[in-house]
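Examining the three-dimensional arrangement
Residues per chain are reported as follows:
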Amino acid sequence: MTLIDLTPRAALTDRLATLPVVIIGAGPIGLAAAANLVERGIEFTVLEAGDAVASSVRRWGHTRLFSPWRHLIDPASRRLLAAADWHPPLDEGRAPTGHELVDEYLTPLAGLAAITPHIAFGTRVVAVSREGMDRTRTAGRAEAPFLLRIETAGGRRDDITARAVIDASGTYTSPNPLTSSGLDPLGVADLDGLIVQALPDVRGADRARFAGRHTTVVGAGHSAANTLIALTELAEAVPGTRVSWLIRNAAAARVSSSADDELADRARLGSRVDQLVAAGSIERIDSFEISDVRRRDGRAQLIGRRRGEPAAHDTDLVVNATGFRPDLEMLREVRLGVDEIVEAPVRLAPLIDPNLHSCGTVAPHGFDELRHPEPGLFVVGMKSYGRAPTFLLATGYEQVRSVVAWLDGDMSAATRVQLTLPATGVCSVDPVGTGACCS
Ligand SMILES: Cc1cc2nc3c(=O)[nH]c(=O)nc-3n(C[C@H](O)[C@H](O)[C@H](O)COP(=O)(O)OP(=O)(O)OC[C@H]3O[C@@H](n4cnc5c(N)ncnc54)[C@H](O)[C@@H]3O)c2cc1C
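This is a predicted model, so every value here is computed, not measured.

For the ligand, the set of nearby residues contains 30 residues, the closest of which are Glu 48, Phe 66, Ser 67, Met 382 and Leu 393. The backbone of Pro 28 places a nitrogen or oxygen atom 3.4 Å from an oxygen atom of the ligand. Take Phe 66: an N or O atom from its main chain is 2.8 Å from an oxygen atom of the ligand. If you list the elements that add at least two residues to the shell around the ligand, you get helix H2 (28-39), helix H3 (55-59) and strand S4 (123-130). Taken together, the residues of the shell around the ligand break down into 19 nonpolar, 9 polar and 2 charged.

On to the nonpolar core. Residues Leu 101, Tyr 105, Ile 166 and Val 380 are the most contacted members of the largest nonpolar core, which totals 101 residues. The dominant element in this core, judged by the number of residues it contributes, is helix H11 (residues 393-407), at 8 residues. When residues of this core are assigned to domains, at least three fall in each of domain 1 (9-173 + 324-415) and domain 2 (188-320). Sequence-distant contacts of Leu 101, defined by excluding residues within four places in its chain, comprise Val 57, Leu 65, Trp 69, Leu 72, Pro 96, Leu 106 and Leu 393. Residues Val 125, Ala 162, Val 165 and Leu 377 belong to the second largest nonpolar core, which totals 15 residues.

Overall, parallel pairing links the 5 strands, which are arranged S3-S2-S1-S7-S16 in an open sheet. Only two strands of the sheet have a single partner each, and these edge strands are strand S3 (119-120) and strand S16 (377-379). When strand S2 (residues 44-47) meets S3, the two strands line up parallel, connected through 2 bridges. Counterpart to Leu 47 in the pairing with S3 is Ala 120. On top of the sheet, H2 reaches strand S1 (21-24), S2, S3 and strand S7 (164-167); it is set at about 160° to S1, its chief contact.

Of note, Val 22 is situated in strand S1. In sequence terms Val 22 and Ala 34 are 12 residues apart; their C-alpha atoms lie 9.4 Å from each other. Dropping the residues within four chain positions of it, Val 22 is found in contact with Thr 45, Leu 47, Leu 148, Ile 160, Thr 161, Ala 162, Ala 164, Val 165 and Ile 166.

Moving on to the packing of H2 against H11. In the contact formed by H2 and H11, the axes pass within 9 Å of each other and the chain directions differ by 35°. Crossing angle aside, the handedness with which H2 passes H11 is right-handed. When H2 is examined against H11, the residues Pro 28, Ile 29, Ala 32, Ala 33, Asn 36 and Leu 37 are found in contact with a partner set consisting of Leu 393, Gly 396, Tyr 397, Val 400, Arg 401 and Val 404. Considering only residue class, the contact of H2 with H11 consists of 9 nonpolar, 2 polar and 1 charged.

Applying the stated criterion to the full structure yields 5 aromatic pairs. Put simply, the rings of Phe 367, Phe 378 and Trp 406 touch in pairs and so form one group of aromatic residues. Over the ring of Phe 146 we find Arg 130; its NZ or CZ atom is 3.9 Å from the centre of that ring.

Right, let's get into unusual backbone geometry. Not every positive phi belongs to a glycine, and Leu 199 is a case in point at roughly 65°. On the accessibility criterion, Leu 199 (8% relative accessible area) is buried. You will see that Arg 307, though not glycine, has its phi angle at about 45°, which is positive. Mapping Arg 307 onto the fold places it in the loop between strand S13 (299-306) and strand S14 (309-315). Of the residues examined, Arg 307 reaches a relative accessible area of 57% and is grouped as exposed.

On to the sheet that holds strand S5 (residues 146-152), then. Judged by pairing direction, the sheet is antiparallel, and its 3 strands sit side by side in the order S4-S5-S6 without closing on themselves. The open sheet terminates on both sides in strands that have one partner only, identified here as S4 and strand S6 (157-162). Going across the sheet, the axis of each strand differs from the next one's by a mean of 30°, ignoring polarity. Looking at chain direction, S4 and S5 are connected through 7 bridges and run antiparallel. Paired with Thr 123 across the strands is Thr 152, a residue of S5.

Calculation rules
- Residues numbered from 1 in each chain as written.
- Predicted model: local features only at pLDDT ≥ 70, side-chain atom pairs only at ≥ 80, totals over all residues.
- Heavy atoms only, no water.
- Near = heavy atom within 4 Å.
- Polar contact = N/O pair within 3.5 Å; in protein donor to acceptor, adjacent residues only side chain to side chain.
- Helix = DSSP H or I, 4+ residues; strand = E, 2+ residues; numbered from the N terminus.
- Nonpolar A, V, L, I, M, F, W, Y, C, P; charged D, E, K, R; others polar.
- Core = buried A, V, L, I, M, F, W, Y, C linked by side-chain atoms within 4.5 Å.
- Buried < 20%, exposed > 50% of the residue type's maximum accessible area, 1.4 Å probe, protein only.
- Domains from an automatic or database assignment.
- Contact = heavy atoms within 4.5 Å.
- Pairing = 2+ DSSP bridges.
- Axes fitted to C-alpha atoms, helices over the stretch in contact; angles between N-to-C directions.
- Left-handed = near helix turned anticlockwise from the far one by under 90°.
- Phe/Tyr/Trp six-rings, centres within 6.5 Å; stacked < 30°, edge-to-face > 60°.
- Lys NZ or Arg CZ within 6 Å of the ring centre and 35° of its normal.

Written as structure tokens, this is what we have:
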């Protein structure tokens, strides 16, 4: 990978110096980037596709996070909020729901006088390029402003320019497909209405949809665990409600039930699911690799192989909790250095590759691990982890602190990366036989 010289603040051309840093996405990490830019007095604009702050978190807002408040508040944001008379939640040892995270922290943060005028809601970024430069042109590239094509709610398109781009657009809106091949199953269109995306509100808005029906949750992570637990509660209340859990491996290694997991709420999720399987409330189908789907008599049929033999599973509804992947299409015209396995920046990928690390712990990393061959472009937050499922907000807050320090030309702060994450106790892969893959 050829890295062009990057462009810290001191080296900005006159033209670039007049332009804002553009942040894509007003989720927790996009807003933390904004807070860091405020503290450093750098002009910025946040472009948010949704019509309110943290639109993706709102979609799973009924779900309780597993991290306590003390790991969920960005330090720069906390300083700005404190100066505006905001009070943190009384018990920072408690884990909030997504809605509480939005209402008690992200909405007040976005409402600060230093941030709110700089957010454009209902503004989706559809493409990123550089002014007058497709990805093949090299000469003068670092001095050319970024060009972002945006689409507003009415479908109107426009182009805006930026000195640097921080892509914090997350991955929630691009789920993985159900199949083991990673391709959409043949026949998926026939299942319209029978496949539900991860984290439906089973106890609330979506209750009627699942009551009295047989639902199969596909996936081995904490989103699957959350939905399984909610469905078994519904099954106790509504006769005829059935719950199956389909995973492609022999065990759901990513659902922690370890006593060593310092994120106790997450460990509780795993042990609760284990108990429900043991009690027969959840039918667990392991080692099932889905290749196709089909509609049969108004129901869904998942078709594939189980332990080498052809297999089929019939159900009323399927919840796809197979995880998420980054949407890189909008970055097609800029130069990305993306790892071929994880789709994360090449220096970050080995630190988080799920083949090697199943933990949420990660070595401290900042602008250096996050940079791409495109000078001034950073992908941060959940999206920076590509397909790795272990991202934690505390990691993203340190990412954007380092990136913004770098944009400010403060190399000392940018390189001094510190990260203290809770131990997870969910290290399932031990490729070198050390007994632990992560510390
Ligand atoms: C159910 C669940 C529980 C979790 N629990 C925890 C936890 O306990 N602790 C923890 O540390 N982490 C947790 N995570 C992981 C992670 O911290 C969250 O997913 C977090 O929301 C990621 O923040 P983000 O800002 O990177 O992305 P997001 O929250 O996904 O925000 C991205 C924003 O970008 C916007 N956007 C997307 N595309 C565009 C576009 N093209 N143009 C403009 N805007 C766009 C979206 O509307 C959204 O507002 C959890 C995740 C899930 C799904």
